[in-house]
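Descriptive analysis of the structure
Each chain, written out:
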Amino acid sequence: MRWLNAARARLRLLISPRAAESRMEDEMRFHVEMEAERLMRARSLDPHEARRQALVAFGGAERYREELRDGRGLAWLMGMSLDFRLGVRMMRKYPGLTLVGTLAMAFAVAVGTFGFEAIRQVASPTLPFPEGDRIVGIGMWDAADNRTEYVPLRDFARWRGQLETVEELGVFVTFHRNLSTGPDDVASVNSAAVSASAFRVTGVRPQLGRPLIEADEEPGAPAVLVIGHDIWQVRFASDPDVIGRTVRLGDTPATIVGVMPEGFAFPLGQSAWTALRRDIVEYASREGRTMPVFGRLAEGATIEQARAELTAVGARMAADFPETNEHLRPLVMSYASATSGIVEAIAEQWNADGVDRTLSLLRAGLYSTNLLFLLFLALISANVAALVFARTATRESELVVRNALGASRRRLVGQLFVEALVLGAVAAPIGLAIAATALRGIVTVLGSDLPFWFSDTLSVGSVLFGVTLTVIGAAIVGVVPGLRITRGIGSRMRQLGAGGGGLQFGRGSTIAIVSQIAMSIVFVAVSLYAVVRAVQIRGLDVGFPADEYISVVLGMDRPGASQARYETVVAARARFTRSYEELGRRIALDPAVLDVTFAHVLPGEYHERAPLEVDGIEDRIQTATVATDFFNALVIPLLAGRGFQAADVEAGGYVAVVNPSFIHHVLDDRSAIGRHVRFRLGEGPSADWSPPYEIVGVVQEIALTNDPELPHNAGVYLPIVPGRATQLQMVVHVRGDPLSFAPRIRPLAADVDPSLQLARIALLDEVARNDLATYLFAIRALTIATGLAMLLSLAAVYAVMSFAVARRTREIAIRIALGADPRRIVTSTLGRHLGHAALGVLLGVGLIVHVGPDSITMSGLAARGIPSIRVALGIAAFTTIMMLVVLMAAVGPVRRALRIQPALALKGDD
């Protein structure tokens, strides 16, 4: 307990220093007066002399005041203050080190902070609602099939009247519908049919009007619509009188009854909401549609209690309905986890007692990746530490003298740590700003692909993590060199007095230099590959004049929640076929249009690679499903055989057209016409094969995909069979400016079929670039990282090499004084360090050729159509720069050593 009492006393001294000093003054005055009275009685001294002798015996009040200040830690704070000021002076004195070190630490902090925030939002998502952590999602686990699924509607109806731990149970179904506010204003919106309880569960009130209510769910009730803030702003110009206005959502007229505030996008990022009719529960058990179920924990209830109650309810239903519910188990978790994909991740691991444990393991696994960011920080900080070591080594005399005057090794290392902390204090805000900018950028790029609760701002936890990284980095940058430099510092005073050098580099430093150069070469090679690949993708030539075409994504309203039977889906597909064919005919009548065609995937977009077999040869090849007139519309000539015909489609569409890359990579340049291709239906050795497709033609090569890692362009074209899709892409060949024709398409589509949806109207040559926005964003980040890594590597190698040669200055001067040939000394000194650099280069190139991924080897580059000479020249250029840096680092100290007079060298005064 003694340490606790001491800590309390120290804390009181820090909190109220003036009161403590006042009490001490009173106590000292009391002791002096008592001693003076004793002297007057014992020695008969007058009061003045007695007080003087009492003060002398006491020892002086100022000494006790200083001890009190030391006791409450002010001396330590004053030392820290001096160290901080010295750190600022060091930054000003060495601007090059300050710039490189700050950028490096800022980049490491930025990467770590961004990664931590992304992992946090995936592993521990939170809803931006009042008490959002109490909103839960409920699903089902099928023990027989070992998979998760949504809740059958009949089960949901039973739960709604039985559960006590979960309130406001609701379901939803998402879809896209055309929102039409007039003949010329039709656009698809991301919508949801939801239970009215959704708005009570979230606790968010509309900005205007009212939310959905239970009366809106009744069969036959008038159709109503609640719109999001963005739709209100863009489509209605923020009109406050929008409430009561009638619009069309798909085929259905609906009255707008509410406008939600900005940012509201429940359940999965929607911007328009209609009522989910109650007739959805008319199906028998496990018939009809399954839907996600949500609710809010009742007051005082916990998720464990809700899980226990649902388990009991599930057991009763399994007993009552064994034919449908025997193997079904309710699954309860937080709403964000239930709808963000984690449910699927635990499908094969979950059991009735292990939901929380499994989720905890998954989260722990995600959070453990932060160790990679710590490792990255350590690598970056180690490079900066090399720079700091070289700088601090020039202050060796100062540190040795301070140690001789009484400064402990801990005090010296602490000073170097504080200096590094000053550097980190400058780097941290820059790194956090970079991380925040990158987060906003990636959220903007991914857009609607992210859940609505994914924030584009850093959380407090992420900021604290960034600050922690800064402190750890400062420890590596300051403490590691400090421990190295101050080791054996007490014995180096005599060496310095004799003119010798105390610090020397050993084998470990040589290995560090070689490894640094080798990893720099590898990093540069990877980055050059990515940059060259990005340039190729940006300038992708699809093989025809794509800038003359406009592309439109076509879709169709899906069947409603109460229309999920197979025959209804078939009818919807047939309607979509009639609608898109009619739209194509009307557009083709326009004088500005040369041709119209359709495809599932366009040239330059990502194409699925399907497993197939031809003549006993199995491979995974890109496939494209296109209209019969696709090749004519895009002016792609036939090289052999014929194209698709209407009769092929009427016969079931079992024909195929291939490109020259298919013939080369799959058939080894043998003739393709007349051969048969089969596609594997599913995965695994027991999967079935499709009926054979006869290859009837070969078309000229065009770019199928933009996949950066695909080694070749081999592809198979199949004909579109009517009635098998509810989404296609339309391609229109236009005279003049294609974008000028875009405004005419939507009114035509609305006139053909109000449920026909149009999305992403864009030039065909822009499709591939937009599809690769995330990839190109990563390439830009990698380019910045490469530039910083190159700068840091060059600076670290220069500093360490320069220090290594400078340590030999006196040795070189003495050898010259003893008659050694200067040219031989220069050659041996430079050759040694250039040899280290060359060894690092050879090691790096060896790693690329023999160990690195095939994508950056010369053969791998050639297979992907990337000129390997560009990457090789880039590596050669960086190697040349590295060698020049090593040469410059060694030449300066050698020249200074050669200028030392022999007599001075022998005296030890260099």
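Small disclaimer: the values here were computed from a predicted structure and weren't measured.

Next up on the list: the packing of helix α7 (residues 153–160) against helix α10 (residues 303–320). Relative orientation of the contacting elements α7 and α10 amounts to 120°, with a least axis distance of 12 Å. Taken together, the axes of α7 and α10 lie oblique to each other. You can see that α7 and α10 cross each other, and the crossing is right-handed. The residues of α10 that touch α7, namely those facing D155, R158 and W159, are L310, V313 and M317. Of the residues assigned to the contact of α7 with α10, the class counts are 4 nonpolar, no polar and 2 charged.

Turning to the pairing of strand β22 (residues 693–699), a few remarks are in order. Across the 7 residues of β22, 6 count as buried, placing the element largely inside the fold. Pairing analysis gives 3 bridges linking strand β18 (residues 638–641) to β22, with the strands arranged antiparallel. Residue pairing across strands places A640 opposite V698, the latter belonging to β22. Sheet topology places strand β19 (residues 655–658) next to β22; 4 bridges connect them, and they run parallel. Paired with V655 across the strands is E694, a residue of β22. As judged from the 2 bridges shared by strand β20 (residues 676–681) and β22, these two strands associate in the antiparallel manner. Its bridge partner lying in β22, H676 is registered against E694.

This paragraph deals with the confidence of the model for the protein. Chain-level statistics for the protein give a pLDDT mean of 76 and a share of 72% at 70 or above. Note that pLDDT drops below 50 for residues 342–353; the model gives that stretch 27 contacts with residues more than four away or on any other chain. Low pLDDT, under 50, characterises residues 497–503; the predicted model gives this stretch 21 contacts beyond four residues in sequence or across chains.

Now for the nonpolar core. In terms of nonpolar packing, the biggest core is built from 26 residues, with F199, L212 and W273 touching the most fellow members. At the level of secondary structure, the elements contributing two or more residues to this core comprise β5 (185–194), α8 (197–202), β7 (224–227), β10 (272–275) and α12 (335–339). Sequence-distant contacts of L212, that is, excluding residues within four places in its chain, are made with V194, A196, F199, V224, V226, W273, T274 and A275.

Before going further, it helps to spend a moment on the packing of aromatic side chains. Considering all chains together, one arrives at 19 aromatic pairs under this definition. Both rings, one in F129 and one in F452, keep their centres 5.8 Å apart while their planes meet at 35°; by these two values the pair is tilted. With a gap of 323 residues between them, F129 in the loop between α6 (95–123) and β1 (135–142) and F452 in the loop between α17 (409–446) and α18 (460–486) connect regions that are remote in the sequence. An aromatic cluster is defined as three or more aromatic residues linked by ring pairs; in this entry it consists of F129, F172, F199, F264, F266, W273, F294, Y335, F452 and W453. Directly above the ring of F175 sits R177, whose terminal nitrogen or CZ lies 4.1 Å from the centroid.

The next point concerns unusual backbone geometry. The amide bond that connects F266 to the next residue, P267, takes the cis arrangement and shows omega of 10°. Counting through the fold element by element, P267 comes out in the loop between β9 (252–259) and β10. We note that D669 has phi near 70°; this positive angle belongs to a residue other than glycine. With respect to the helices and strands, the residue D669 is situated in the loop between α24 (660–665) and β20.

Here is what the cut-offs are and how they apply
Residues numbered from 1 in each chain as written. Predicted model: local features only at pLDDT ≥ 70, side-chain atom pairs only at ≥ 80, totals over all residues. Heavy atoms only, no water. Axes fitted to C-alpha atoms, helices over the stretch in contact; angles between N-to-C directions. Helix = DSSP H or I, 4+ residues; strand = E, 2+ residues; numbered from the N terminus. Parallel < 35°, antiparallel > 145°, perpendicular 65-115°, else oblique. Left-handed = near helix turned anticlockwise from the far one by under 90°. Contact = heavy atoms within 4.5 Å. Nonpolar A, V, L, I, M, F, W, Y, C, P; charged D, E, K, R; others polar. Buried < 20%, exposed > 50% of the residue type's maximum accessible area, 1.4 Å probe, protein only. Pairing = 2+ DSSP bridges. pLDDT = per-residue confidence, 0-100. Core = buried A, V, L, I, M, F, W, Y, C linked by side-chain atoms within 4.5 Å. Phe/Tyr/Trp six-rings, centres within 6.5 Å; stacked < 30°, edge-to-face > 60°. Lys NZ or Arg CZ within 6 Å of the ring centre and 35° of its normal.

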